[in-house]
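Take a look at the letters that make up each chain.
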Amino acid sequence: MISGIQAALKNAIDVIAPPATPLQDFTYHWKQLMNFYVSHLTDCKVPVQNTGIPRHLDVLLEILLEEEKEENETGPCLEYLLQHKLLDLLATLASAEAPPGMRLVCLAFLRKLLGRSKYPLLHHASIYSPVQRLITLCNGNPPSPIEAEEVQFLLTISFLVCKYPHVSNIVNDVPITQIASNPARRDSERTEIQRVTYVPTRRRTKSNPLFEPLDTQAITLVSPNPLFDQRRSHRAALHGGRSNDSSREESVSSSPRKSACDSPSIVGRDEKDVPGNEIDQHLRNLRLDNDDGASYTTDLSFKSSSKCLLLDALMSYLNSADNTVRVRACEGIMALASLDDSAFAQTVANSELSLIVSHRLESLFNAIPAHVDHLEIYNVDVTWGLDSPLWTKESKFSGCRQVAAFFMWFDYCDQLIREARTEVAETLARNIRLMFFDGVVTAALANHHVVLITALVAKCLKEITSSVLCTEVSYWLVGQDREAEISHVWTSPVLHRLTENCFTDSNDLTVETLKLFEEAIDKRNEHILHCLLLMYLSTRAYYDNTAADSAIASWSDEEDEREKEKKGSLDLSYEQNHSRTLAPSNIHRVVNCFLSLMPRYLQTDSDTNNYDKYMSAWERQYSSVLSDCALMAWPLEAVMVDDTASSDSRPEADHCSLATDRFYVGPFLSMLFDKVGNMPRQTYEVNLEVTGLLSRLALLPHPYLHEFLLNPLLPLIPGTKSLFLCLQRVVKQLVGEVPKTQESKARLKETRKRLLSDCSQEEEKEDILYESVIVTEEFCKDLAAIAYMKYHHSV
C-alpha cells in the first residue's frame, strides 16, 4: 500500500513539475559553470579544483555520452554544443587559464568527449577550431606542469585522425593568426578573451621575455661528448621554429602563468559600476541563447602553413624529463607517420621530424661514456617502450643508462621507419644515414675509441628490422656503387676503414670489426652481399677454362651445352628444381679434400671423419638462409659468361677475359684470406671470428660463391687466391713449426681439451700455435659438413 501511495505521489509531482529533459539539464549545468565568472569579476586566482567547474563539466560529459546510448543520431545536447560553439568558449578559457588550472580541465573534458563519442566529431567546424587552438597550447618546450594531460590529449587526437583519415587535413595545416597585418583583429581577439573573463582591457607596461613566443630550436640534449675530440662542422643544422609559435601569440596577452585575471588594478569601470544583470545579459548574448554570438575562431583569418600542427606539438615532448610523456609522444608520432594518406605523408616527410629524430640519435650516441666496456654492449636488451626499466639505472654496468637510452631511441627509429608510409620511411632512413652514420660514425671509426664505436655499430646492425633502414645502412657500409672495385682503388671509405681496422695490432678491434661484418652478412641484404662478394665472382673470371679436361671437376662445364639444349628446346616438361653446382657428383672427393688437409700426426680428434656431428646445426641455419635469400633471384648454376656477348652489357667481363691475371676477389674476401693465411700467428678469438665468418659465407646458396669457397677441385687461373689454397699454406706452416716444439702431441691434446671444454681455465697460458692447429682442424670439418649438407639439400 505504501508503494502505491509513493507511485501516486510521484505521478502527481510529475504532473505538477515534470522532470527536466537532458537538454534542460545540459543548459542548466552550462549556465552554472558560467555563473562562476559572474561571482568572480576581479578575482580569478581561485584554483579550478576549488570551484564547481570540474563537476559541471563532468555532468555535461555524462549527459552527452548517455544521450549517445539512447539516440541513433545526433541528440539535442550535442546539437546544442555544436550550434552554440561552446567548445570555442572553453578553448578561450583554457588559453586564458581563467581560473588557474582551467587548461587541464578543458583538455581532459575534450579528450574524453572525442575519445568516447561514437560519432566522428572532428570534421565539425565548431569542434576542430577549438581543437586546433588547444593543440597550439600544448608545447613541451618549455616544460609544462600538466604535460602528461597535454600529451594524452594529443595522443587521443592522433588516434582519431588515424581512425578517420578524411580529417587529416584539419591537423595538417597550422592556423596562424594574421596579427601583424590586422591590428584591429588582434584587438578584437583580446577584447573577447577579456569579455569572457570579465576583466576590462588593460595595457602591459613591461614585456616579460618569458612569455614571448619562442623561436624554438629543435630538440637537443645537453650532454658532454666524451667519445670524440672534434665534431663535424658540416653537420646539418636544425633550424626553423616550431609551427605553433605564431598561433601561440593569442595566449601571450593572457598567458597561463600571468593571466589577465591576475591584474591588481583595473583600468576602466570599477566592480560596482558593472551591474550583475548586465553581465548576466553578456552570458546570454555570448553563448547561451543567441545564435548570432561571435565565435573566437570563426571570426579570425587564417593562412595555411607547410607545418603540421599536431606533429609539431608531439615532437615538442620528445625531450621531456618524464619517460611516460616521451613514450606517449612517440606513440602519437608513429600513428601520424603511418597514416594512409599520401598528401599527409608528404607533409610529414617534409617536416622537421627526420631532423629531430636523427639529431636526438646523435646526441644520445655522443652521451655514451668512453669507459664503457665494449663486451657489455651485446648484453643490452631494451626496447623503446616502458618495458625496460632496469636498464635506466647504473645497476648493470657503468654507463649502462646512457647505452640503454641510445638503443631505446635507435629501436624507436627502426620501428618508426618500419611502420611509416614509404615517403616518410625513406626520408627518415636517409637522414639517419646522412646525419648519424655519415656525419658521426664514419669519422669515429678512426678515433682512439674505435673499439667501442665498432661494437655499438655492430649492435645497431643486429637490431635493425626495417628493410628501408637496412638499405640506407648498407649504402653507408659498402657504398652505392654496384660496379666492382679495382684492386687498391677504394670507392667506399667506410669499407676501406673497416678493412684496415682488421690489420691493426689491437685484437679487440679486429674481433669487433669481424663481428660487425658478421652482422652485416646476417642481415641477408642483397646490396651488401653484392658489393662485398658477388659482383667480383659473378663473371666467374677466377675459373681457368683452358685447363685440361681431366682437371675440370665442375659439372657445369661438362654438361653446360646439354643443359642449354634442354632449355632451348620445346620440351616444356623439363624443369630443373635443384642446383648441380651445389650438389656436384664428386661430392665425396670434395669432402675428402677438406678432411685430409690436416696431416694425421697433427690431428687431435681420433675420429677423422667425425664431421657429421656438425650437420644438424648447419642444416638448421641453412634452412633459415634459404628462406632469407629466396627472393634475391640468384642464378641456379655457375656457368661461364659468354665473352662474345658481353662487350656492351658487361664490360667488366671483357676486362677479366682479356687480363685473367688481374682477377680481383674484392677487398672483403682478400682481407679474410689474408687473415686465414695468418692463423698460426693470430689469437684464438680472432681465428674463431675469421673461420666463423667464412662458414657463414659458405652457407649462402649462391652458385659462384659456393664453388669458389667449397670446391677445392676447381681449376683456377694462376695467381688466384682461394680458401682451400690459403688453408694449404696454413697447414704447411703448422707442419713446419709444430714438430719443432717438445711434447707436441701431448700439448695438442691438452690444448684441444682446454678449448673445447665448457669450463673456462683462465690460469692456462695462451698458446697461439697449438690453438691455431685446433681451429684449423675444426674449420676443415665445418667446411666438409657444410658442403655435404648443401649437397643433400640440393639433390
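Our subject is the structure that appears above.
All of the points below concern the structure found in this document. Since this is a predicted model, take the numbers as computed values, not measurements. (Residues numbered from 1 in each chain as written. Predicted model: local features only at pLDDT ≥ 70, side-chain atom pairs only at ≥ 80, totals over all residues. Heavy atoms only, no water.)

1. Details of the overall build of the chain
Looking only at helices and strands, the chain has 33 helices and zero strands in total. Relative to its 795 residues, the chain shows a buried fraction of 53%. Counting contacts in the chain only where the partners sit at least 6 residues apart, residues at least 24 apart contribute 81% of the total. As displayed, the chain offers around 36600 Å² of accessible surface, 50% of which is attributable to carbon and sulfur atoms. (Helix = DSSP H or I, 4+ residues; strand = E, 2+ residues; numbered from the N terminus. Buried < 20%, exposed > 50% of the residue type's maximum accessible area, 1.4 Å probe, protein only. Contact = heavy atoms within 4.5 Å. Areas by Shrake-Rupley, 256 points an atom, 1.4 Å probe, with all protein chains shown as cover.)

2. Section: unusual backbone geometry
Geometrically, the link from Ala98 to Pro99 is a cis peptide bond, its omega value of -5° lying close to zero. Along the chain, Pro99 falls in the loop between α5 (86-96) and α6 (102-116). Following Asn141, the chain continues to Pro142 via a peptide bond in cis, the omega torsion being 10°. Following the sequence through the fold, Pro142 ends up in the loop between α7 (125-137) and α8 (147-163). Residues other than glycine seldom take positive phi values, yet Glu97 does so here, at roughly 50°. Among the structural elements, Glu97 can be located in the loop between α5 and α6. The phi angle at Ala633 is positive, at roughly 55°, despite the residue not being glycine.

3. As for α8
Helix length check: α8 (17 residues) gives 24 Å between terminal C-alpha atoms against 24 Å at 1.5 Å per residue, within 8%. The buried count for α8 comes to twelve of 17 residues, which makes it a mostly enclosed element. The complete set of buried residues in α8 reads Glu147, Glu149, Glu150, Val151, Phe153, Leu154, Leu155, Thr156, Ile157, Ser158, Leu160 and Val161. (Expected span 1.5 Å × (residues − 1).)

4. Thoughts on the environment of Ala698
Looking at where Ala698 falls in the secondary structure, it is placed in helix α29 (residues 684-699). For Ala698, a relative accessible area of 3% gives the class buried. Linking Ala698 and Phe708, residues ten residues apart in sequence, is a C-alpha distance of 9.2 Å. Setting aside its immediate chain neighbours within four residues, Ala698 contacts Leu709, Leu710, Ile786 and Lys790.

5. Some remarks on the nonpolar core
One finds Ile135, Phe153, Ile157, Leu533, Phe668 and Leu697 to be the most contacted residues of the largest nonpolar core, which totals 226 residues. Top contributing element to this core by residue count: helix α33 (residues 768-794), with 14 residues. With sequence-adjacent residues up to four places away left out, Ile157 is seen in contact with Leu114, Val131, Ile135, Val171 and Leu310. (Core = buried A, V, L, I, M, F, W, Y, C linked by side-chain atoms within 4.5 Å.)

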